[in-house]
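Fold and geometry: a report
Below are the chains, spelled out letter by letter.
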Amino acid sequence: MTSIFSSAPIRLDQHGEVLGQRFSSYLAPTLKEAPAEAEIVSHKLMIRAGLIRRLAAGIYNYLPLGLRSLRKVERIIRGEMNRFGAREVLLPAVQPAELWKQSGRWEKYGPELLRFKDRHERDFVYGPTHEEVITDLVKREVRSFRDLPLNLFQIQTKFRDEIRPRFGLMRGREFIMKDAYSFDVDDAAAELSYQAMYEAYQNIFKRCGLKFAAVEAHSGAIGGNYSHEFMVLADSGEDAIAFCPACSRAANLEKATSVYPLTPGPTNAPLIKKHTPNCRHVPELARFLGVEEATIIKSLLFLANGQEPVLALIPGHREINLVKLKDALDGQEPVLASPEQAEKIMGVPMGFVTPVGAKVKILADLGLQRLKSGVAGAGEKDYHYLNAEVNRDFQVHAFMDLATVAPGDPCAKCGAPLTIRRGIEVGHVFKLGTMYSQALGATFMGPDGQESPLVMGCYGVGLGRTLAASVEQNHDADGIIWPMALAPFQVALLPLQTQNPAVAEATASLFDQLTSLGLEVLLDDRDERPGLKFKDADLLGLPLRVTISEKSLAKGEVELKNRADRTVSMSPLNQAAQQLQDLVKAMLSPM
RNA sequence: CGGGAUGUGGCGCAGCCUGGGUAGCGCACCUGAAUGGGGUUCAGGGGGUCGCUGGUUCAAAUCCAGUCAUCCCGACCA
């Protein structure tokens, strides 16, 4: 049936952007139940509220409401990038393989890189990131130090063929990213560019209304030597962050360091071979011998890049961190040896591998320096050594930080106990140095006539993930609670008795006033019962709700409700628009 | 990639194992009526090659094989 509001126009602003929209014709399909595939709250709510729909694993449609919020994130990001002097460009998503071969990432990037051939059998990739393309562009166009510094950004769809896409927009394969790249004459200048982006990111996530932390991070596949991640704090986050409450150091668990407690073993004690039947794992062995797990030296056999065997030693009460180990191997991927490989290389079953007399490269965690000696495999089934002493019974090639930090471990900087919380990585800033400019030959001429490689930085924000993170942080049992800055519309306008002429008239008038003031309004013009409209309004989570009913109208009033704190107030019909404008303004200003 | 599970109308599910025989329920959708401040009620209606392919059988959603898709866990505890 045609709503009596069907004549109410969709309101556009002077740029043609939609200010006011009618619910009935907006493709905002709300659901009572979320699809079974949705696991976390943001994914469920974004589907139920009609923001997104899945097309394939890790690939999503944005519906009108979802796109509006996405655009808000985009606008905030663009504004801060512009403010900090970055210039917007748009690079192609499809890139020739040659560039990736030049940078070395054609081999290095792995199966996450989506590769394909064109009709001429030429290799292409769908860009997961754009260091190669941007460096190539800048290499061609920038010659002189006079052109620097330069910071270029784009907002564009990327594709990474993730091992395991999940959680809706949180870890999609196709996703929208803002990526920026800075080019400077030297490290000091690059540091300034980095600081500027760091500050821009602080602003971006503050304006998005997120609770976040900037943490020291590992550089990962992008490469480079220094980076911070911007983490939105949420229990459903995929990353763990170690926080020091005392010195306020925050670091990704892959980067966090601690001086974990352990009791040093004796020195100059005799090496004893002991029968240890049925002790395949550390806890069993500790129980059998009546020793702390910390005094057991775990010997883990890895194959660097699946080839060269490497023995990694670590105290029994800590876990090895593969990312740290990879760094210790100069970027070679450590692959845990299979039982068969271990037995072939070391001559004993797993669990009894020994560093004593081992002919392979040995890397030991820093903690072993403090441990001095401990229990180690004896290189024979069902036997372990007691008092195996570092530097006496076996030599290590290097002591490196290999252990994963555990909650309560003393901070490596100040000694205070670390806490571990979970976070969602929404932004990442890197100092790249010259690795890409050197590989691709991007140089500039300095004032002294010398040619040098450009010093680069790169800076990314996941837009969809930022949106999902916001929902993850801002919701209740009834639905989403958008911060004003990201809400698809600022005001929900709910006429309760759509057939009542007075209600209809007041609604149309208020819709006009609000949109004339520049407010964004979603008018629920559906001829539905009040309960359903309230439920949907809560689900969509627009920050302000205006209810117009026969009852309130009889007193010349409308009802205003705040979605976040659920406070209700009555407002005279002729003042409601002004009052709402003030509220929106107040809720938009940074807290 | 390894392990586990699931695939039945737009969404959520039952039916399968354990008796192979006209495909069901709730929500949503359409029509009508009533209702009208927190997912309203009644009546009527439309919509499904039961993921796909093959096999067994007189007969397959159901049994068998393969395949595709989706989700979960893991891919580090020697």
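Now for the overall build of chain A. Secondary structure summary: chain A contains 16 helices and 33 strands in total. Dimensions of chain A, computed from the C-alpha atoms along their principal axes, are close to 95 × 65 × 50 Å. Among the 591 residues that make up chain A, the fraction classed as buried is 54%. A separation of at least 24 residues holds for 69% of the contacts in chain A among residues at least 6 apart in sequence. Within the structure as shown, chain A displays about 26,200 Å² of accessible surface, and the carbon and sulfur contribution to it stands at 52%. Separation of charge centres in chain A, based on 68 positive and 71 negative side chains, amounts to 2 Å.

Time to look at the environment of leucine 31. Mapped onto the fold, leucine 31 is located in the loop between strand E2 (18-22) and helix H1 (41-48). Judged by its relative accessible area of 31%, leucine 31 is partly exposed. C-alpha separation for the pair leucine 31 and glutamine 450, spaced 419 residues apart in sequence, amounts to 64 Å. In this view, leucine 31 contacts Ile47, Arg48, Arg53 and Leu539; residues no more than four positions away in its chain are not counted.

So, about the sheet that holds strand E7 (residues 114-117). Ordered in space as E6-E8-E7, the three strands form an open sheet in which the pairing is antiparallel. Edge positions in the sheet fall to strand E6 (94-96) and E7, since each has one partner strand and no second. Across this sheet, the average inter-strand angle for adjacent strands is 35°, counted without regard to direction. As judged from the four bridges shared by E7 and strand E8 (residues 123-126), these two strands associate in the antiparallel manner. Within the sheet, the bridge partner assigned to phenylalanine 116 lies in E8 and is phenylalanine 124.

With that settled, consider the protein's contact with RNA strand B. Neighbouring RNA strand B are 47 residues; Arg164, His281, Glu319, Leu336 and Met350 lie closest to it. Per the 4 Å cut-off to the protein, sugar and phosphate atoms form 44% of the nearby atoms of RNA strand B. Contact distances for RNA strand B include 2.4 Å between a base nitrogen and a backbone N or O atom of isoleucine 320. Looking at the surface near RNA strand B, the elements that each hand over two or more residues are strand E16 (297-304), helix H14 (530-540), strand E31 (544-548) and strand E32 (557-562). Residue contributions to the surface near RNA strand B peak at seven residues, all from H14. Its residues placed into classes, the surface near RNA strand B shows 19 nonpolar, eight polar and 20 charged.

What follows concerns the side chain of glutamate 132. The topology assignment puts glutamate 132 in helix H5 (residues 131-141). You can call glutamate 132 buried: its relative accessible area is 0%. Among residues more than four places away in sequence, those in contact with glutamate 132 are Leu99, Trp100, Ser103, Arg105, Tyr436 and Leu440.

Moving on to the nonpolar core. Membership of the largest hydrophobic core comes to 63 residues, with the highest contact counts inside it found for Tyr201, Phe205 and Phe230. The element contributing the most residues to this core is helix H6 (residues 187-207), with seven residues. Apart from the residues lying within four places of it in its own chain, the contact partners of tyrosine 201 are Met81, Lys178, Phe230, Gly427, His428, Val429, Tyr459, Gly460 and Val461. The next biggest cluster of nonpolar side chains, apart from the first, holds 38 residues, and it includes Leu262, Ala294, Ile297 and Phe394.

What follows deals with the pairing of strand E3 (residues 52-56). Relative to strand E4 (residues 59-62), E3 runs antiparallel, the two sharing four bridges. Each residue of the ladder has a partner; that of arginine 54, found in E4, is tyrosine 60. The loop that links E3 with its antiparallel partner E4 comprises two residues; one of these, glycine 58, has a positive phi angle of about 70°.

What follows deals with the sheet that holds strand E17 (residues 308-315). The strand order across the open sheet formed by five strands is E18-E16-E17-E19-E22, and the pairing between neighbours is mixed. Each end of this open sheet is capped by a strand with a single partner; those strands are strand E18 (334-336) and strand E22 (398-400). Adjacent strand axes in the sheet meet at a mean angle of 35° when their direction is disregarded. Relative to E16, helix H9 (residues 339-346) is tilted by about 100°, and along the sheet it contacts E16, E17 and E18.

Right, let's talk about helix H7 (residues 282-289) for a bit. Those residues of H7 that sit buried are Val282, Leu285, Ala286 and Leu289. Seen end-on, H7 carries its buried residues on one side only, within an arc spanning 100°. Residues of H7 that are buried sit in contact with strand E15 (272-275), E16, strand E20 (373-380) and strand E21 (383-389). Among the residues trailing H7, glycine 290 stands out with phi positive, at a value near 70°.

Before going further, it helps to examine the pattern of salt bridges. This model, assessed by the stated rule, comprises 35 salt bridges. The partner of glutamate 520 in a salt bridge is arginine 68, with the nearest N and O atoms 3.5 Å apart. With glutamate 520 in the loop between helix H13 (501-516) and strand E30 (521-523) and arginine 68 in helix H2 (residues 64-83), this pair connects stretches of sequence that are 452 residues apart. Both residues of the pair, glutamate 520 and arginine 68, count as buried. For glutamate 380, the salt bridge is made with lysine 273, and the minimal N-O distance between the two is 2.6 Å. One end of the pair, glutamate 380, is in strand E20; the other, lysine 273, is in strand E15, and 107 residues separate them in sequence. Under the relative-accessibility criterion, lysine 273 is labelled partly exposed at 41%. The structure contains a network of salt bridges with shared partners spanning Asp476, Asp478, Asp538, Arg563 and Arg566.

Applying the stated rule across the entire model yields five cavities of 30 Å³ or more. What lines the largest cavity is simply Ala492, Ala537, Asp538, Leu542, Pro543, Leu544, Arg545, Lys561, Asn562, Arg563 and Arg566. Contributions of two or more residues to the lining of the largest cavity are made by H14, E31 and E32. Classifying every residue of the lining of the largest cavity by side-chain character gives five nonpolar, one polar and five charged. Approximately 60 Å³ is the volume found for the second largest cavity. Phe23, Ala492, Leu494, Leu522, Asp524, Lys533, Asp536, Ala537, Leu540 and Leu542 are the residues that line the second largest cavity. Residue assignment for the lining of the second largest cavity shows that the elements contributing at least two residues are strand E29 (491-495) and H14.

Here the focus is the pairing of E2. Most of E2 is tucked away, with four of its five residues classed as buried. The pairing of strand E1 (residues 11-12) with E2 spans two bridges and is classified as antiparallel. Paired with leucine 12 across the bridge in E2 is valine 18. Taking the residues between adjacent antiparallel strands as the criterion, E1 and E2 are bridged by five residues, where glycine 16 takes a positive phi near 90°.

The rules behind each value
- Residues numbered from 1 in each chain as written.
- Chains lettered and ligands numbered in written order.
- Predicted model: local features only at pLDDT ≥ 70, side-chain atom pairs only at ≥ 80, totals over all residues.
- Heavy atoms only, no water.
- Helix = DSSP H or I, 4+ residues; strand = E, 2+ residues; numbered from the N terminus.
- Buried < 20%, exposed > 50% of the residue type's maximum accessible area, 1.4 Å probe, protein only.
- Contact = heavy atoms within 4.5 Å.
- Areas by Shrake-Rupley, 256 points an atom, 1.4 Å probe, with all protein chains shown as cover.
- Lys, Arg positive; Asp, Glu negative; His and termini not counted.
- Charge placed at Lys NZ, Arg CZ, Asp CG, Glu CD.
- Pairing = 2+ DSSP bridges.
- Axes fitted to C-alpha atoms, helices over the stretch in contact; angles between N-to-C directions.
- Near = heavy atom within 4 Å.
- Polar contact = N/O pair within 3.5 Å; in protein donor to acceptor, adjacent residues only side chain to side chain.
- Nonpolar A, V, L, I, M, F, W, Y, C, P; charged D, E, K, R; others polar.
- Core = buried A, V, L, I, M, F, W, Y, C linked by side-chain atoms within 4.5 Å.
- Arc of directions from axis to C-beta.
- Salt bridge = Lys/Arg side-chain N within 4 Å of Asp/Glu carboxyl O.
- 1 Å grid on protein atoms, 1.4 Å probe; cavity = no way out; pocket = protein on both sides within 12 Å on 5 of 7 lines; lining within 4 Å.
- Points joined across faces, edges and corners; volume = space filled by probe spheres on them.

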